[in-house]
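# Close look at the chain arrangement
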Number of protein chains: 2
Amino acid sequence: MGTRLALRIQERYDELTPSEQKLAQFLLDRPDEILASSATELARYSGVSKATAARLFRSLGYSDFNDVRLQAREERNRTGPVQQIPMPQVTTGKAMTLPMHLQVENANLTRTFEELRTDVLNNAAEQVANAGRVWVAGLGNENGIARILRILLARVRPGVHLISENAATWPEEFASTGPNDALIIIALRPWPRQIPTILAFAKTTRLKSIVITDPTSAGKAQRQEATVLNCHISTPWNEITQTTVLSMGQLLASAVANRLGRKANVRRELIADIAEEIEDGDT
Amino acid sequence: MGTRLALRIQERYDELTPSEQKLAQFLLDRPDEILASSATELARYSGVSKATAARLFRSLGYSDFNDVRLQAREERNRTGPVQQIPMPQVTTGKAMTLPMHLQVENANLTRTFEELRTDVLNNAAEQVANAGRVWVAGLGNENGIARILRILLARVRPGVHLISENAATWPEEFASTGPNDALIIIALRPWPRQIPTILAFAKTTRLKSIVITDPTSAGKAQRQEATVLNCHISTPWNEITQTTVLSMGQLLASAVANRLGRKANVRRELIADIAEEIEDGDT
DNA sequence: GGATCTATGAAACCTTTGTTTCAGAAATTG
DNA sequence: CAATTTCTGAAACAAAGGTTTCATAGATCC
């Protein structure tokens, strides 16, 4: 899945300087760009100097940029010319068009799910399906997605809870978790500072944790022994898109339902019935 | 599918000199190699001299090799002829696979945004950009999306409010709306029964309303004189996907930002700064 | 608040890439 | 087979790419 360059970046991401991170970010988001562009261009795209670029590659353990490019090319040849959907380039200041929006979403979805390994997904689904209870956490901007995911999962199995956004109440909430539970964390960049705390806690309680995140943070999550569902979320202007994350959520819920089989269906029908009753009942 | 380079080569292949043909052949066989390699390398791979390479590109009508590379890159970035992505059929009971998930999301996104008219989108964006205040409503399952949309919009303009899910408090909330406000409703099938009430209210108060919905309900919304943003959300198993809806939300927010121009950017930066401060500040 | 350290881009400096020139090889012609 | 034309790569030259140095701005530490 990840290129060696990506792995090295994720390993050392935190130690990189801010401008190095800007460039590293770009490289993670658009891995194919390395093949097509010169180091000067990469630097320009991500708004840093050539000098910074040179420093980054060296500090990642390559002897020079040529070394990087050779490795990237070799890897491409090994994995075969995967037909990548290109992320469109944007000239700054130009308005975003509708087709471009479509292409961006498409590129992110395609990368994400072509890269996702079935066994990783199954593993995550298994954990969620077999857990005693399931806890879903999403801080800040990701809170909306977390709520949706909770609903999606609650439709196919009981005992799915949202961890409140208010850190003050965590002790109480965590107190009710057990080693048979599963924890799903949604956290995109900028990686909220509370996440490591939560992950560390999960690790000590033997909670199974699943982290839905972006390539920048994937490394950190992996280091905490969590199952990582990696989502590509970048756009050519400097915003991110949550679409892919939601899609990942739906896929996970779907996979869990599959695993639970008949049980999930029974529950879904039950819920549908109740919903209908409410809809008819209240005037 | 043919690149312009390939076309030019095929046109003139017979007139090329033997060593030029060797190189041309190579380029036809491995069209992606142009992006990854330098002219020197291309020459070496196909066993001709750099001089020959330079001559070939010139004789094909390019001013120099850089010209060739730029065109190739541009072609890679441009979306090819729009192809209809088929929605996969599924035999009931069969497990959903990962590629299928991707294809479904893809199909829905593509349909949605190819069908969406630019003027409708602009119209909606205009309304949101110029409104005194913006109200976002999403009932039941759509509540999560509504929250996300509120955040997305709040990032680019002030005065974006969420209408509570609790119908009992609506009188108070609606009381504060004025005819210069905009109302965004997210409502997928099954079309919640409260929606017509809200829409009717909006109509009498001269509130501009925008409805993000699915094809099933689009008609109903249109009849209430609302701007309709239509999202394809179906899947081969009998569930729906909210991915498209979220994507529509991002697009709308993006369009609004575009319309507000500098004002939106100022606000975004302000928010980013504050967020950073909070992240740094609280321990 | 000064001293020290870190991060960063500008610019100087090599290196590689790409183009052009040119002389010789190969093919063609009479 | 000589004259001519065409083709070709080596080498000279020009341009862009990549690395290193250095001054400076900002952070951190007494």
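The structure we're discussing is the one just above.
Residues numbered from 1 in each chain as written. Chains lettered and ligands numbered in written order. Predicted model: local features only at pLDDT ≥ 70, side-chain atom pairs only at ≥ 80, totals over all residues. Heavy atoms only, no water.

## Remarks on the sheet that holds strand β5 (residues 227-230) of chain B
Residue and element names in this part refer to chain B. Heads up, the rule is: Strands were regarded as paired on the criterion that DSSP finds at least two bridges between them. Numbering of helices and strands starts at the N terminus; helices are DSSP runs of H or I of at least 4 residues and strands are runs of E of at least 2. All axes are obtained by fitting lines to C-alpha atoms, using only the stretch in contact for helices, and the reported angles, taken between N-to-C directions, cover 0 to 180 degrees. Throughout, a residue-residue contact means that at least one pair of heavy atoms, one from each residue, lies within 4.5 Å.
Strand order across the open sheet formed by five strands is β2-β1-β3-β4-β5, with parallel pairing between neighbours. Each of the sheet's edge strands pairs with one partner strand only, and the pair in question is β2 (160-162) and β5. Taken pair by pair, the neighbouring strands of this sheet meet at an average axis angle of 20 degrees, ignoring direction. Across five bridges, strand β1 (residues 134-138) lies against strand β3 (residues 182-187) in parallel orientation. Bridge pairing links W135 to L183 in β3. The sheet contacts of helix α9 (residues 143-156) involve β1, β2, β3 and β4 (208-213), and relative to β1 the element is tilted by about 160 degrees. Docked against the sheet, helix α13 (residues 243-260) engages β3, β4 and β5, running at close to 130 degrees with respect to β5.

## So, the protein's contact with DNA strand D
Heads up, the condition is: Nearness is defined per residue: one heavy atom within 4 Å of the molecule or strand is enough. For this analysis, a polar contact is any N or O atom pair within 3.5 Å, provided that within protein one partner can donate a hydrogen and the other can accept it, and provided that sequence-adjacent residues contribute only side-chain to side-chain pairs.
The environment of DNA strand D is formed by 17 residues, the closest being A39 and D64 of chain A together with T17, S19 and T52 of chain B. For DNA strand D, the fraction of atoms within 4 Å of the protein that belong to sugar or phosphate moieties is 57%. At a separation of 2.5 Å, a phosphate oxygen of DNA strand D approaches a polar side-chain atom of T17 of chain B. Within the side chain of S19 of chain B, an N or O atom sits 2.3 Å from a phosphate oxygen of DNA strand D.

## Quick notes on the packing of aromatic side chains
Residues and elements named next belong to chain A. Going by this rule: Note on aromatic pairs: the rings of Phe, Tyr and Trp (six-membered ring only in Trp) are paired at centre separations within 6.5 Å, and the planes decide the class, stacked below 30 degrees, edge-to-face beyond 60, tilted for the rest. Accessible area is worked out with a 1.4 Å probe on protein chains only. A residue is then buried under 20% of its type maximum, exposed over 50%, and partly exposed in between. Note on criteria: charge over ring means Lys NZ or Arg CZ within 6 Å of the ring centre, with the direction from the centre no more than 35 degrees off the ring normal.
Within the structure shown, the criterion is met by four aromatic pairs over all chains. Between F26 and Y45, the ring centres sit 5.9 Å apart and the planes meet at 45 degrees, which makes this aromatic pair tilted. Taken together, the residues F26 in helix α2 (residues 18-29) and Y45 in helix α4 (residues 39-45) connect sequence positions 19 residues apart. We classify F26 as buried; its relative accessible area is 13%. In this structure, R8 is placed above the aromatic ring of Y62, and the distance from its NZ or CZ to the ring centre is 4.1 Å.

## Concerning the sheet that holds strand β5 (residues 227-230) of chain A
Residues and elements named next belong to chain A. The parallel open sheet is built from five strands, whose spatial order is β2-β1-β3-β4-β5. In the strand order of this sheet, the two ends are held by β2 (160-162) and β5, each with one partner. Each adjacent strand pair in this sheet contributes to an overall mean axis angle of 20 degrees, direction not counted. Note: strand β1 (residues 134-138) against β2, three bridges, orientation parallel. Following the sheet pairing, V134 is matched in β2 by V160. The strands that helix α9 (residues 143-156) touches are β1, β2, β3 (182-187) and β4 (208-213); relative to β1, the one it contacts most, it runs at about 160 degrees. Contacting β3, β4 and β5, helix α13 (residues 243-260) runs over the sheet at an angle of about 130 degrees to β5.

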